[in-house]
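Coordinates in review
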Amino acid sequence: MGPGAGVTAGAVEYLAETYGGDARSSVFLAGIITPTRRLALRWLRGQARRIADALDPHPYVRWAPPGTLRRIPAADRDAPGALRGWQASTECQDAALRALAAGEPFAFLTRDATCWYRLTVHPLPGPVTP
């Protein structure tokens, strides 16, 4: 038997991660390993919504005393809006699924005036089994 004969690749898992940062730093926000690409993207959609809501909460959220938060005019660069848009877009989710099915990583990056936020999913090949 030659090299690699009788060896098959194990199941693929997916590493989903979120990062944020500015011009000088990068911060790991959260990560998870899932058994399927759909679960990885479902988790990532939840993270996109969580980050967007933390950056741009509704003025009447329960945790903020009345009058603490107020509406401001929309900015040219709207990271919370971009995160919510990605999270809600069926087309974006389908494109990410196709990339992951082809064994390619997926990344979504958005910026606002001072910071950036990145959502990623990478296929992790399983162990090689004889």
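Two elements, strand β2 (residues 13–21) and strand β3 (residues 26–34), share eight bridges in a ladder whose sense is antiparallel. Paired with T18 across the two strands is A30, which belongs to β3. Between β2 and β3, which pair antiparallel one after the other, the connecting turn spans four residues.

Let's shift gears to helix α3 (residues 90–101). Under the 1.5 Å per step criterion, the end-to-end length of α3 is 16 Å for twelve residues, consistent within 8% with the ideal 16 Å. Those residues of α3 that sit buried are Q93, A96, L97, A99 and L100. Relative to the axis of α3, the buried residues are bounded by an arc of 160° and lie together on one face. Summarising the geometry of α3, the exposed residues directed more than 90 degrees from the buried face are T90, E91, R98 and A101.

So, on to the pairing of strand β5 (residues 116–124). Across nine bridges, β2 lies against β5 in antiparallel orientation. When the bridges of β5 are listed, L15 appears paired with H122. Relative to β5, strand β4 (residues 106–111) runs antiparallel, the two sharing six bridges. In the sheet register, T110 faces β5, and the bridge partner there is Y117. Following β4, the chain reverses through four residues before pairing antiparallel with β5.

Looking now at the pattern of salt bridges. For the structure shown, the criterion picks out two salt bridges. A salt bridge links D53 to R49; the nearest nitrogen and oxygen atoms lie 3.4 Å apart. Of this pair, D53 and R49 both sit in helix α1 (residues 37–55), four residues apart, which is roughly one turn of that helix. Of the charged contacts in the structure, one is a salt bridge between R84 and D53, with a shortest N-O distance of 2.8 Å. You can see R84 sitting in helix α2 (residues 79–88) and its partner D53 sitting in helix α1, a full 31 residues away along the chain. Counted as one network, the salt bridges with shared partners bring together R49, D53 and R84.

What follows covers the side chain of S89. Assignment of secondary structure puts S89 in the loop between α2 and α3. Assessed through its relative accessible area of 14%, S89 is described here as buried.

Looking now at α2. Quick reminder: α-helices carry 3.6 residues per turn. Residues three or four places apart thus point the same way. For α2, the set of buried residues is A79, P80, L83 and W86. Projected onto a plane normal to the axis of α2, the buried residues spread over an arc of 130° and lie on a single side. Buried residues in α2 make contact with α1, α3, β4 and β5. Sitting at the amino-terminal end of α2 is D78, which places a side-chain oxygen 3.2 Å from the backbone nitrogen of G81.

Conventions adopted
- Residues numbered from 1 in each chain as written.
- Predicted model: local features only at pLDDT ≥ 70, side-chain atom pairs only at ≥ 80, totals over all residues.
- Heavy atoms only, no water.
- Pairing = 2+ DSSP bridges.
- Helix = DSSP H or I, 4+ residues; strand = E, 2+ residues; numbered from the N terminus.
- Expected span 1.5 Å × (residues − 1).
- Buried < 20%, exposed > 50% of the residue type's maximum accessible area, 1.4 Å probe, protein only.
- Arc of directions from axis to C-beta.
- Salt bridge = Lys/Arg side-chain N within 4 Å of Asp/Glu carboxyl O.
- Contact = heavy atoms within 4.5 Å.
- Polar contact = N/O pair within 3.5 Å; in protein donor to acceptor, adjacent residues only side chain to side chain.

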